[in-house]
Structure formats: structure tokens, C-alpha cells
Amino acid sequence: MELNSINDIAAFVAAVRAGSYTRAAVTLGLTRSAVGKSIVRLETRLGVRLLNRTTRSLSLTDEGRIMYERCRQILEDLEEVDSTMALRRVVPTGRLKLTASQSFGQRHILPLVGEYLRQWPELQADVSFSDRYVDIVEEGFDIAIRIGDERDDSRLLSRTIGWQQVVTCASPEYLQRKGIPQRPEDLFNHDNLFLAGVMRRRDWKFKTPEGIYSFDCPGRLNIDSAEAMRESALAGFGVINMPTYLTAEDIKTGRLVPVLGAFNMEPEPIRLLYPSKQHLSPRIRGFIDLLVERWADGVPWHLPNL
């Protein structure tokens, strides 16, 4: 049956329920003639008579009785779908898919995902914490949390939700043993720990009066885990150049000591990226709102003296 038969089906069911074309027309907001024509069209399309008509009443034929039960169920199912979709327009439901870098995601995004799921019991989440580049459109993600400036992608919308600072630091024990570097060039005389792995190893960047200085040397220790590199610095193995979202608590408690603070680069943006859609689903909008709300007064790893 064609989709344009739904109006005729609705007229037929309404007429049976009301017991007359006139009362069905009032219910549907149509004329009596329009209701009658709809039922005639339905009978013509099916090739059977559905109603016995008299001037005072309507009664179902055997075929009409079968048709009525099927059509009533169809309309009830459509009403349930409409109600479900209306609910999904205002209540986060379904499956939220998001991705973030490994260390940042585990430390700062996962707790918020847990809070979000507790708030909305009908919601599920698929989370990927990975340091590889993820094409969220091709791989079907709803949200990506990325750090730093990236090339624009016309398929995505972007919103900055916070900032993070990369700092150079080491343990007090290491600095007592090896000395405190005064300029970026002094790092050539130190044991430097570099992050290696999925992403190509990046030079350490410093802002100097002469411009941006890029420091690179053979690392005393190269590790493919940011958390393991932080632990190595805490153990006194050497100097690290890492974001404050990983090191802020250690710096606050004195377990790590910042050095070369006068040469720190500008803070980097932390951005939410999500596919450009006219109607953003509640599960996506709700999580974006949660992140914005939590960090509206500043990110928890902010160090005001850096």
C-alpha cells in the first residue's frame, strides 16, 4: 500500500470508531464529504467493500473488520513512533559516540561521561581514547575533543571549551642533582624524556625574544605513553615537556618543579568538534552543555602562576 494511503486509513478508522462520517469529520477536522471520499478511495484501491452504509449507521463487512484491526494497529504504532521521536528531541537517549586523546580522555573526559550516563539512564556511550587522528565523520563519532589548533574542516563545527599549557618540569631530586636550566639551550646538558608513539615525536617549542625556538635532541628515554613519561619524571629520570592537564597536581604538591617558565608558549585551545547538522540531537547537545558548564569558571588543571 502506498504511503499516501495513510490519510485514507485514518479516515476509515475514525469513521468506524465514531460510527458516522459526520462525527469522524469533526474528529479529523475535515468535511463529511472528504471522509467519504477517503473511504471510497481506500475501497477502490483494495477492490473490496469495507463498510455497509445506511442513512443512520455504518457497519463493517467481513473484509472491513479485518482491515480495521490491521489499520488500527498501524495508526497506534505510528503514534508510538511519533511519541518516541518527540521524547528523543528533548531527552538524551540512544548511543553517544565520542573520542579524545588517551591521557586527556581517561583523566578528564571519562569521569564526565560517567556522570552523564548516571544522569540519563536511557543513554549508552561508545568511547575511544586514542592518540591517532580520528576522522569523526568517516568513523561515525558524534563528538571529538581535540587539543591545539588544527586545520579547518567544513564538515565540522568547533567550540573552544578550555585551555591548557605545556610546561617543562622535573622532579626536585633531579634538579638538585643536575641543576636548573636557565635557557632552552641548556636542555642539551640534561636528560630529556620524549613522548613517542602513534604521533610523530614533536620538538619542544619555546618562546624567546628572537622568536620560536625548537628544541630537539636524542632523548635519554623515549616512551609511547604520556602517563609512563610523567611517572618517569616523578622518579627523577629527567626533564619532561608536557601539558598541565597531566602535571598540574604534581606541580601544586611540589612533586614536579616547573622550569623555563619565561619561555612557555601560549596556552593551547581545547575544542569540541562535532558534525555540522541543522538539528543537534539531545545526547550530543547535552554532553556539550555538561562540558561547558563544568569548565565555565576555568579548567581544573589551571595553574595561575605559569
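Residues numbered from 1 in each chain as written. Predicted model: local features only at pLDDT ≥ 70, side-chain atom pairs only at ≥ 80, totals over all residues. Heavy atoms only, no water.

Per an unreviewed UniProt entry, the chain is named LysR family transcriptional regulator, and its organism is Ewingella americana. Looking at the Sequence similarities (unreviewed entry) heading of the UniProt record, one finds this comment for the chain: "Belongs to the LysR transcriptional regulatory family." (UniProt positions renumbered as here; feature names shortened; annotations may be inferred.)

## Points about the packing of aromatic side chains
Counted according to the given criterion, the structure contains 11 aromatic pairs. Look at Phe188 and Phe215: their rings are 4.9 Å apart centre to centre, the planes differ by 70 degrees, and that puts the pair in the edge-to-face class. Here Phe188 is found in the loop between α6 (172-178) and β8 (193-195), whereas its partner Phe215 is found in strand β10 (residues 211-215), with 27 residues between them in sequence. A residue is classified by how much of its surface remains accessible, and Phe215, at 0% relative accessible area, is buried. The ring of Phe141 is capped by Lys97, whose NZ or CZ atom sits 5.3 Å from the centre of that ring. (Phe/Tyr/Trp six-rings, centres within 6.5 Å; stacked < 30°, edge-to-face > 60°. Helix = DSSP H or I, 4+ residues; strand = E, 2+ residues; numbered from the N terminus. Buried < 20%, exposed > 50% of the residue type's maximum accessible area, 1.4 Å probe, protein only. Lys NZ or Arg CZ within 6 Å of the ring centre and 35° of its normal.)

## Here we look at the domain arrangement of the chain
Taken as a whole, the chain is organised into domain 1 (3-86), domain 2 (94-165 + 268-295) and domain 3 (166-263). On a C-alpha basis, the centres of domain 1 and domain 2 stand 47 Å from each other. (Domains from an automatic or database assignment.)

## A few points about the pairing of strand β5 (residues 143-147)
Walk down a regular strand and you will see the side chains alternate between the two sheet faces. Within β5, 4 of the 5 residues are buried, leaving the element largely enclosed by the surrounding structure. For strand β3 (residues 94-100) and β5, the ladder comprises 3 bridges, and the chain directions are parallel. Among the inter-strand pairings, Thr99 is bridged to a residue of β5, identified as Ala144. Sheet topology note: the β5/strand β14 (residues 268-275) ladder contains 4 bridges and is antiparallel. When the bridges of β14 are listed, Arg146 appears paired with Arg271. (Pairing = 2+ DSSP bridges.)

## Quick look at helix α2 (residues 21-28)
If you check which residues of α2 are buried, you get Tyr21, Ala24 and Ala25. Along the axis of α2, the buried residues cluster in a sector spanning 105 degrees; they form a single face. More than 90 degrees from the buried face of α2, the exposed residues found are Val26 and Thr27. Where the residues of α2 are buried, they touch α1 (6-18), α3 (32-46), β1 (51-53) and β2 (58-60). Phi for Gly29, located one or two positions after α2, is positive at around 75 degrees. (Arc of directions from axis to C-beta. Contact = heavy atoms within 4.5 Å.)

## Some points on the side chain of Asp135
Its place among the elements puts Asp135 in the loop between β4 (123-129) and β5. A polar side-chain atom of Asp135 sits 3.2 Å from the main-chain amide nitrogen of Val137. A polar atom in the side chain of Asp135 sits 3.0 Å from the backbone nitrogen of Glu138. (Polar contact = N/O pair within 3.5 Å; in protein donor to acceptor, adjacent residues only side chain to side chain.)

## Concerning the nonpolar core
Ranked by size, the top nonpolar core spans 39 residues in total, and within it Ile109, Ile143, Ile145, Phe287 and Trp295 carry the most contacts. No fewer than three residues from each of domain 2 (94-165 + 268-295) and domain 3 (166-263) sit in this core. The contacts of Trp295, once residues within four sequence positions are left out, are Phe104, His108, Ile109, Leu112, Ile161, Pro300 and Trp301. Val13, Ala24, Ile39 and Met67 belong to the second-largest nonpolar core, a separate cluster that totals 18 residues. (Core = buried A, V, L, I, M, F, W, Y, C linked by side-chain atoms within 4.5 Å.)

## Description of the environment of Asp297
By secondary structure assignment, the location of Asp297 is in the segment after α9 (282-294). According to the relative accessible area criterion, Asp297 is exposed, its value standing at 83%. Along the sequence, Asp297 and Val16 sit 281 residues apart, while their C-alpha atoms lie 61 Å from each other.

## Let's talk about unusual backbone geometry
Not every positive phi belongs to a glycine, and Leu260 is a case in point at roughly 60 degrees. Along the chain, Leu260 falls in the loop between β13 (257-259) and β14. A residue is classified by how much of its surface remains accessible, and Leu260, at 6% relative accessible area, is buried.

## Points about the pattern of salt bridges
Under the definition given, this model contains 20 salt bridges. When the shortest N-O distance is used, the salt bridge between Arg107 and Glu227 registers 2.7 Å. Of the two residues, Arg107 is situated in helix α5 (residues 102-119) and Glu227 in helix α7 (residues 226-234); the sequence distance between them amounts to 120 residues. Look at Arg107 and you get partly exposed, because its relative accessible area is 29%. Given a relative accessible area of 23%, Glu227 falls into the partly exposed group. A salt bridge links Glu173 to Arg177, with the shortest nitrogen-to-oxygen separation between them at 3.1 Å. Within this pair, Glu173 and its partner Arg177 are both found in helix α6, separated by 4 residues, close to a single helical turn. (Salt bridge = Lys/Arg side-chain N within 4 Å of Asp/Glu carboxyl O.)

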